[in-house]
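Chain by chain, the residues run as shown.
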Amino acid sequence: SQQKVGSAPIKVTDILEVFRVNRAFVALCLHGLLSGILMSVGGALGTYMYADVLGSLALMSVGSMINMPVSLVCMSLVPKLTRKVGMQKVLRGSLLLGCGLYVLLFTLHIVTAINIWVHIGINALASGISGLSNMMQWGMLSESIEYNEYLTGKRTEGSINGTFNMLRRLGQGLGASFGVAMLGMIGYNAESLVQTAGTILGIKVLCLLFPAICAIGSWIVFRFVWNITPELREKMARKRAEMAP
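Residues numbered from 1 in each chain as written. Predicted model: local features only at pLDDT ≥ 70, side-chain atom pairs only at ≥ 80, totals over all residues. Heavy atoms only, no water.

A. A look at helix H5 (residues 116–130). Under the 1.5 Å per step criterion, the end-to-end length of H5 is 21 Å for 15 residues, consistent within 8% with the ideal 21 Å. Considered for burial, the residues of H5 that qualify are Ile116, His119, Ile120, Ile122, Asn123, Ala124, Ala126, Gly128, Ile129 and Ser130. Packed against the buried residues of H5 are helix H2 (23–54), helix H3 (60–85), helix H4 (87–111), helix H6 (132–152) and helix H8 (197–224). Taking the backbone nitrogen of Trp117 as reference, a side-chain oxygen 2.7 Å away marks Asn115 as the first, capping residue of H5. (Helix = DSSP H or I, 4+ residues; strand = E, 2+ residues; numbered from the N terminus. Expected span 1.5 Å × (residues − 1). Buried < 20%, exposed > 50% of the residue type's maximum accessible area, 1.4 Å probe, protein only. Contact = heavy atoms within 4.5 Å. Polar contact = N/O pair within 3.5 Å; in protein donor to acceptor, adjacent residues only side chain to side chain.)

Listed below in structure tokens is the structure:
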């Protein structure tokens, strides 16, 4: 039940200590849960959005293909933006902007009969921009491991990585169950060719407002729970330098 890293023994129960002292890791775990739930709900309900709200299931694959290059363009901008303003500001900004785009798209669906191509374009931008956090989280996970070593003298790398991935999978499982349960709650009828107005509104809420809620939830986590500042990074770097052979 123990392994050695340097001179510090690591026990399985050390992960409990990580949760107690390492706010940065707690923030990442909360974000991992939220992003896992969001991805699963989106995957489970996307079919209903295109088939029952937009009226063209065939264009769902087109929407997915457009999402990919948009996401790649967004990701290509991250290194430059990160060097200019810092990773945390880029991450929080992308979550806020993605949230705003989802709310805009939902509002357009409420006030007008939105063109399907407008939906596909705004949805691709919202998904690509808010999804940047899922790319940047891995660098922040490494930083939370270094922070744990700074606090406790133990990296506990395997336990931290394993716990984070487990919580992401838990979020995906919860999201899939939530999506199915909510379909029943909004009155979806698989045997009906046309859904009620209440059901259509419910699908819009789940596919557009729910991602906005998850994005703002992650923003709150990185704004108020994540605690690694530039000053703390300098302290961590000095301590690593002192401990270097």
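B. Looking closely at H2. In H2, a bend of some 45° at Leu45 exceeds every other bend along the element. Of the residues flanking the start of H2, the one acting as N-cap is Asn22, its side-chain oxygen 3.2 Å from the backbone nitrogen of Ala24. Positive backbone phi, approximately 75°, marks Gly55, located one or two places after H2. (Bend = angle between axes of the 7 residues up to and from the residue.)

C. Structural detail: the packing of helix H1 (residues 14–21) against H2. One can describe the packing of H1 onto H2 by two numbers: an axis separation of 6 Å at closest approach and a directional angle of 95°. Classified by the interaxial angle, the pair formed by H1 and H2 is roughly perpendicular. The segment H1 lies against H2, with Ile15, Val18, Phe19 and Val21 engaging Arg23, Phe25, Val26 and Cys29. (Axes fitted to C-alpha atoms, helices over the stretch in contact; angles between N-to-C directions. Parallel < 35°, antiparallel > 145°, perpendicular 65-115°, else oblique.)

D. Quick look at the environment of Gly100. Within the secondary structure, Gly100 sits in helix H4. Here the alpha-carbon distance between Gly100 and Ile110, two residues 10 residues apart in the chain, equals 15 Å.

E. Structural context of the packing of aromatic side chains. Going through the model one piece at a time under the given rule, you end up with 7 aromatic pairs. Both rings, one in Tyr147 and one in Tyr150, keep their centres 6.4 Å apart while their planes meet at 20°; by these two values the pair is stacked. On the criterion of helical spacing, the pair formed by Tyr147 and Tyr150 is a turn pair, its members being 3 residues apart in helix H6. One residue, Arg223, lies across the ring of Phe224, its end atom 4.9 Å from the ring centre. Against the face of Tyr150 rests Lys239, its NZ or CZ located 5.1 Å from the ring centre. (Phe/Tyr/Trp six-rings, centres within 6.5 Å; stacked < 30°, edge-to-face > 60°. Lys NZ or Arg CZ within 6 Å of the ring centre and 35° of its normal.)

F. Local environment of the environment of Ala113. Here Ala113 lies in the loop between H4 and H5. Each C-alpha atom, one on Ala113 and one on Met68, is 26 Å from the other, the two residues being 45 residues apart in sequence.

G. A look at the pattern of salt bridges. Enumeration according to the criterion identifies 3 salt bridges in this entry. For the salt bridge of Glu17 with Arg20, the shortest nitrogen-to-oxygen distance reads 2.8 Å. One end of the pair is Glu17 and the other is Arg20, both in helix H1 and 3 residues apart, which spans about a single turn. A salt bridge links Arg233 to Glu143; its shortest N-O distance comes to 2.4 Å. One end of the pair, Arg233, is in helix H9 (residues 230–243); the other, Glu143, is in helix H6, and 90 residues separate them in sequence. A relative accessible area of 27% places Arg233 in the partly exposed class. (Salt bridge = Lys/Arg side-chain N within 4 Å of Asp/Glu carboxyl O.)

H. Spatial organisation of the nonpolar core. If you look at the biggest cluster of nonpolar residues, it comprises 58 residues, and the most contacted ones within it are Phe25, Leu28, Ile160, Leu208, Phe222, Trp226 and Ile228. Considering each element in turn, this core owes the most residues, 11 residues, to H2. If sequence neighbours within four positions are ignored, Leu28 has contacts with Gln137, Met140, Leu141, Ser144, Phe164, Phe222 and Trp226. (Core = buried A, V, L, I, M, F, W, Y, C linked by side-chain atoms within 4.5 Å.)

I. Representation of the environment of Met140 in the model. Positionally, Met140 belongs in helix H6. As for Met140 and Ala27, which are separated by 113 residues in sequence, their C-alpha atoms are 10 Å apart. Beyond its immediate chain neighbours, meaning those up to four positions away, Met140 contacts Leu28, Met87, Gln88, Leu91, Phe222 and Trp226.

J. Quick peek at the packing of H2 against H8. At their nearest, the axes of H2 and H8 sit 9 Å apart, and the two run at 165° to each other. When the axis of H2 is compared with that of H8, the two are roughly antiparallel. Here H2 and H8 pass one another in a crossing that is left-handed. Residues of the contact of H2 with H8, tallied by class, amount to 22 nonpolar, 3 polar and 3 charged. (Left-handed = near helix turned anticlockwise from the far one by under 90°. Nonpolar A, V, L, I, M, F, W, Y, C, P; charged D, E, K, R; others polar.)

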